[in-house]
Amino acid sequence: MTSYTICVFTENTIGILNKITTIFTRRRINIDSLTVSETERKGISRFTIVIHHESREAVEKLVRQIRKVIEVLAVFGYLNDDIVYNEIAMFKISTPIGAKPLDIETINKVYKAWVVYWHLTYVIIQKTGTEEEIFEFFDYIKPHEILEFVRSGRVAVSKSPQTLVDYLPEAEWEYYQ
Amino acid sequence: MEFNENQTQTIQAAEPAVAVAKPELINGSHAVIQSLIAEGVETIFGYPGGAIMPVYDAIYDYQDQVNHILVRHEQGAAHAAEGFARTTGEVGVCLVTSGPGATNLVTGIADAIIDSTPMVCIVGQVASHLLGTDAFQETDVMGITIPITKWNYQITYADEIPEIIAKAFYIAKSGRPGPVLIDITKDAQQKLMTKPFAHKKCEKLISYHPRLAPKEDQVAAAAKLINQAKRPFLFFGHGVQIAKAEEQLIKFIEKTDIPAASTLLGLSSVSVDHPNYVGWLGMHGNYGTNVLTNQCDLIIAVGMRFDDRVTGDLSRYAKQAKVVHIEIDPAEIDKIMKADAPVVGDAKIALEMLLPLVKENNHEGWRAEFKKFDVIEDQKITQPELAPTTEKIKMAEVIRTLSNKTKGEAVIVADVGQHQMMTARYYQFKKANSFITSGGLGTMGYALPAAFGAKVGAPDREVVAIIGDGCFQMTIQELGTIAQSGLPVKIIILNNNFLGMVRQWQQLFHAKRYSFVELQNPDFITIAKGFGINGHTCSARENLNDSLDTMLASDKPYLLEVLVEKEENVFPMVPTGACVADIRLE
């Protein structure tokens, strides 16, 4: 199974999420993660969808079906080598009185993770990175008792020097604000 | 400078004298109808109800400009709109209420998307403040129809109406056509627009750019393969009729002398008399076309999508052949069959571009190979079907007699099942755009309302619906619509008291375990008469001619019931999952 990152640029309209995801549902393709936000251009949303699939051909067909959605402006399928990508994770770690103290230096310097909230009995640590990096940190921090763990979907940009506007139809594309 | 009271009054009094009269603002419902009129809509198939009532109130004022046809069930509206769209090439329009009105359209919408039929469905919705509250007759029709529409949109402000309707028509008709659904909340229908009504046709969208003219390099690559091929075989589908490319297709096959076969929905694009026409493809298609699919060296697929009913087992389908695929929908390229030379664009433009690039050729020997199979098929199947020794009438006889009497020039609307396959096999289509049927979805109950819609679209042509007894009872109530309109739709029921195709499969693949396929039918003629439609039953071969003559001579709607052989099978047949070359003759 290969990991594919599918980037979809759409008009930002109500219901577009359903229109995109139903294409995966119908083909029984599970979405590993999905992140949507408005791009730097006004009115254009970017979907970053991660799937695992054994057939590149099937993914190419999927991309063509997504392109058929009227509100979709452009769709790209990437392998991991084609993109720079990251996720964000948050760990709520138990720190009761008398417990082994956290090694903040290791957390910061080795794992590039940051404590973003202190409480009397727990801390919240934020870690960005690839899925592998996040789970390496997960293994490291696990002995401290993870009270809660949450991981975002992947965000990704392609390594290609082209910009979003290069892919869009000719128009005056205003910046998002 | 200060005004005193008097001066101020003077200024106020002067205002009306110089002000331009404000244009009258119309409400959303009037905007709906005026937008439809601006799009050239003359006929709407619909059914009123609570959430669409304001639009129906508005229609009352436009009856001299728009013909509204009251169907008896919303499914009938959808199929009638499809029949209209298929004969005219224009967008069929449905108008229904929310909830059950909308869900009743769903089968027709699903049918239209798979058969690329342009349709705009306007659906009433509960008022916007009630959305999501499980209000009376509220249903999430937007969610329901996402997978079966080319586009859908919910209007909650009257001001949106003209622009969205224009967009709907553009999307429904352009590129690969399809159904569009517009859900309009009741308050959007009722409220006044805040600006004067203006309808501008949509010609372009920011995110949707159907490619009409194919790329020249793609056309050149296709021409090269065509010129090199020794045993080329052209398949034409519904895309030819949608693009109105029949003339170009005939020029192409005549210049290249390539044998051409039709898909189910491509039927009638080329006359059966044409020397290059070799029959139709697929599960119940012709013997030679199926076998020789696995012997050609090039397939030129024009406006068709390699449906599984055409290909059978893909792992054993035309493995020896290269493929040129002319198709307007890029998502169809390589979806089923890998194309060696894809040509993305409108079939008419693509063929026009190809014509000067392809060489004149002679494939007489290759075409003659089809004839050898035709002889076998004729002896084993066609002649026994057309000149049976059994007592009961066979479906093929009815169809061929009708074909002869109408000179192959009627608009034939077939429902789904054995009678549909028999119609495709035995009606000898001579005129383009003459066969309307539910190909992709296989919707039983399609033909009666679709035939009605076809007659509205083509009032000057003879329209004959050919329907099985099972299918007929799925939309039988549309007899009421036909009767009320008075349009002379001719209806033939081929009655075998069975769900014939299912029975055939049970016979062949389920050891004759006829599980719930026998029907106890009503007296169809009495029912038709109850609706005010005349008709009669033909049960004997010697009466068939007269029966058809009587039906065709009628200037009113007419129902002819023909009692046909009960356990008849449609052959040839490529069983599901079998290879096309292993087509069965018995």
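Residues numbered from 1 in each chain as written. Chains lettered and ligands numbered in written order. Predicted model: local features only at pLDDT ≥ 70, side-chain atom pairs only at ≥ 80, totals over all residues. Heavy atoms only, no water.

### Describing the overall build of chain B
Then, in step 1: Counting its secondary structure elements, chain B contains 23 helices and 18 strands.
Then, in step 2: The C-alpha radius of gyration computed for chain B amounts to 27 Å, which stays within 12% of the reference 25 Å derived for 586 residues, consistent with globular compactness.
Then, in step 3: Scored against the burial criterion, the 586 residues of chain B give a buried share of 60%.
Then, in step 4: A sequence separation of at least 24 residues applies to 77% of the contacts in chain B between residues at least 6 apart.
Then, in step 5: Accessible area for chain B stands at about 23,400 Å²; split by element, carbon and sulfur atoms hold 51% of it.
Then, in step 6: Counting 53 positive and 68 negative side-chain charges, chain B places the averaged centre of each group 7 Å from the other. (Helix = DSSP H or I, 4+ residues; strand = E, 2+ residues; numbered from the N terminus. Rg over C-alpha atoms; globule rule 2.2 N^0.38 Å. Buried < 20%, exposed > 50% of the residue type's maximum accessible area, 1.4 Å probe, protein only. Contact = heavy atoms within 4.5 Å. Areas by Shrake-Rupley, 256 points an atom, 1.4 Å probe, with all protein chains shown as cover. Lys, Arg positive; Asp, Glu negative; His and termini not counted. Charge placed at Lys NZ, Arg CZ, Asp CG, Glu CD.)

### Focus on the overall build of chain A
Then, in step 1: On a plain count of helices and strands, chain A comes out with five helices and nine strands.
Then, in step 2: Ordered by position from N to C terminus, the α and β elements of chain A give β-α-β-β-α-β-β-α-β-β-α-β-β-α.
Then, in step 3: Considering only C-alpha atoms, chain A reaches an extent of 60 × 40 × 30 Å along its principal axes.
Then, in step 4: Look at the contacts in chain A between residues 6 or more apart in sequence, and 74% of them connect residues 24 or more apart.
Then, in step 5: Accessible area of chain A: about 10,300 Å², with a carbon and sulfur share of 52%.

### As for the interface of chain B and chain A
Then, in step 1: In this complex, chain B contributes 18 residues to the contact, which on the side of chain A involves 18 residues.
Then, in step 2: With both chains or domains summed, chain B and chain A bury close to 1,500 Å², and 57% of this area falls on carbon and sulfur atoms.
Then, in step 3: On the chain B side of the interface with chain A, the three residues burying the most area are B:Ile146, B:Ile206 and B:Ser207, jointly 37% of the side's total.
Then, in step 4: For the pair chain B and chain A, the interface holds one salt bridge.
Then, in step 5: In this structure, A:Lys68 engages B:Asp329 in a salt bridge whose closest nitrogen and oxygen atoms are separated by 2.6 Å. (Buried area = accessible area lost by both parts, 1.4 Å probe. Salt bridge = Lys/Arg side-chain N within 4 Å of Asp/Glu carboxyl O.)

### Concerning empty space enclosed by the protein
Then, in step 1: Under the criterion given, the structure shown has one cavity of 30 Å³ or more.
Then, in step 2: Size it by volume and the largest cavity reaches roughly 30 Å³.
Then, in step 3: For the lining of the largest cavity, the class distribution of residues is two nonpolar, four polar and one charged. (1 Å grid on protein atoms, 1.4 Å probe; cavity = no way out; pocket = protein on both sides within 12 Å on 5 of 7 lines; lining within 4 Å. Points joined across faces, edges and corners; volume = space filled by probe spheres on them. Nonpolar A, V, L, I, M, F, W, Y, C, P; charged D, E, K, R; others polar.)

### Overview of the nonpolar core
Residues and elements named next belong to chain B.
Then, in step 1: Ranked by internal contacts, the top residues of the largest apolar core, which has 96 residues, are Leu234, Phe252, Val324, Leu402, Ile492 and Val562.
Then, in step 2: The residues contacting Leu234, other than those within four sequence positions of it, are Leu249, Phe252, Ile253, Ile258, Pro259, Ala260, Ala261, Ile300 and Val302.
Then, in step 3: Of all hydrophobic cores here, the second largest spans 49 residues; its members include Val96, Ile148, Val456 and Ala528. (Core = buried A, V, L, I, M, F, W, Y, C linked by side-chain atoms within 4.5 Å.)

### With respect to a nonpolar patch on the surface
Residue and element names in this part refer to chain A.
Then, in step 1: Together, Met90, Trp114, Val116, Tyr117 and Val150 line one region of the surface with nonpolar side chains, adding up to about 470 Å² of accessible area.
Then, in step 2: For the nonpolar patch, the element with the highest residue contribution is strand β6 (residues 113-118), accounting for three residues.
Then, in step 3: Relative to the helices and strands, Val116 is located in strand β6.
Then, in step 4: What makes Val116 partly exposed here is its relative accessible area of 43%. (Patch = residues over 30% accessible without salt bridge, like charges linked within 9 Å, V, L, I, M, F, W, Y side chains within 5 Å.)

### Quick notes on the sheet that holds strand β12 (residues 341-344) of chain B
Residues and elements named next belong to chain B.
Then, in step 1: Strand order in this open sheet of six strands is β9-β8-β7-β10-β11-β12, and the pairing throughout is parallel. Two strands in the sheet have a free side with no partner beyond their single neighbour: β9 (277-280) and β12. Neighbouring strand axes in the sheet, compared pairwise and without regard to direction, differ in orientation by 15 degrees on average.
Then, in step 2: Here strand β7 (residues 232-236) runs beside strand β8 (residues 260-262); their pairing, made up of three bridges, is parallel. (Pairing = 2+ DSSP bridges. Axes fitted to C-alpha atoms, helices over the stretch in contact; angles between N-to-C directions.)

### Remarks on a negative patch on the surface
Residues and elements named next belong to chain A.
Then, in step 1: Residues Asp32, Glu131, Glu132, Glu133 and Glu136 make up a contiguous surface patch of negative charge.
Then, in step 2: Along the chain, Glu131 falls in helix α4 (residues 131-141).
Then, in step 3: Since its relative accessible area comes to 30%, Glu131 is described here as partly exposed.

### Examining the environment of A:Glu54
Then, in step 1: The residue A:Glu54 is located in the loop between β3 (44-53) and α2 (56-67) in this model.
Then, in step 2: Sequence-wise, A:Glu54 and A:Ser3 are 51 residues apart; in three dimensions their C-alpha atoms are separated by 8.8 Å.

### Remarks on the UniProt feature "domain: ACT" (unreviewed entry) in chain A
Then, in step 1: Using the residue numbers shown here, the UniProt feature "domain: ACT" (unreviewed entry) corresponds to residues 5-80 of chain A.
Then, in step 2: What you have in residues 5-80 of chain A is 30% helix and 43% strand, and the ends, taken at the C-alpha atoms, are 7 Å apart. (UniProt positions renumbered as here; feature names shortened; annotations may be inferred.)

### Remarks on the UniProt feature "domain: Thiamine pyrophosphate enzyme central" (unreviewed entry) in chain B
Then, in step 1: Feature annotation in UniProt places "domain: Thiamine pyrophosphate enzyme central" (unreviewed entry) on residues 219-354 of chain B, given in this structure's numbering.
Then, in step 2: Secondary structure within residues 219-354 of chain B divides into 33% helix and 20% strand; the distance between the first and last C-alpha atoms comes to 6 Å.

### Observations regarding the side chain of B:Glu565
Then, in step 1: With respect to the helices and strands, B:Glu565 occurs in the segment after β18 (558-563).
Then, in step 2: Buried and unpaired, B:Glu565 has no salt bridge, with B:Lys394 as the nearest side chain of opposite charge at 4.1 Å.

### Thoughts on the sheet that holds strand β4 (residues 119-125) of chain B
Residue and element names in this part refer to chain B.
Then, in step 1: Read across the open sheet, the six strands follow the order β2-β1-β3-β4-β6-β5; overall the sheet is parallel. With partners counted over all chains shown, the strands left at the sheet margins are β2 (67-70) and β5 (151-155), one partner each. Here the average twist between neighbouring strands, direction ignored, is 20 degrees.
Then, in step 2: When strand β1 (residues 43-46) meets β2, the two strands line up parallel, connected through four bridges. Looking across to β2, one finds that Phe45 is bridged to Ile69.
Then, in step 3: In the packing of helix α5 (residues 100-114) onto the sheet, contacts are made with β3 (92-96), β4 and β6 (179-185), and the angle to β4 comes to roughly 165 degrees.

### Details of the confidence of the model for chain B
Then, in step 1: Mean pLDDT over chain B stands at 95; residues scoring 70 or higher make up 96%.
Then, in step 2: The ipTM value of the predicted complex is 0.92, and its pTM value is 0.94. (pLDDT = per-residue confidence, 0-100.)

### Overview of the side chain of B:Asp257
All names here are of chain B.
Then, in step 1: Looking at the element boundaries, Asp257 is found in the loop between α11 (246-256) and β8.
Then, in step 2: Taking relative accessible area as the criterion, Asp257 reaches 9% and is therefore assigned buried.
Then, in step 3: A polar atom in the side chain of Asp257 sits 2.7 Å from the backbone nitrogen of His363.
Then, in step 4: Discounting chain neighbours no more than four positions away, the residues touching Asp257 are Phe252, Asn276, Asn361, Asn362, His363, Glu364 and Arg367. (Polar contact = N/O pair within 3.5 Å; in protein donor to acceptor, adjacent residues only side chain to side chain.)

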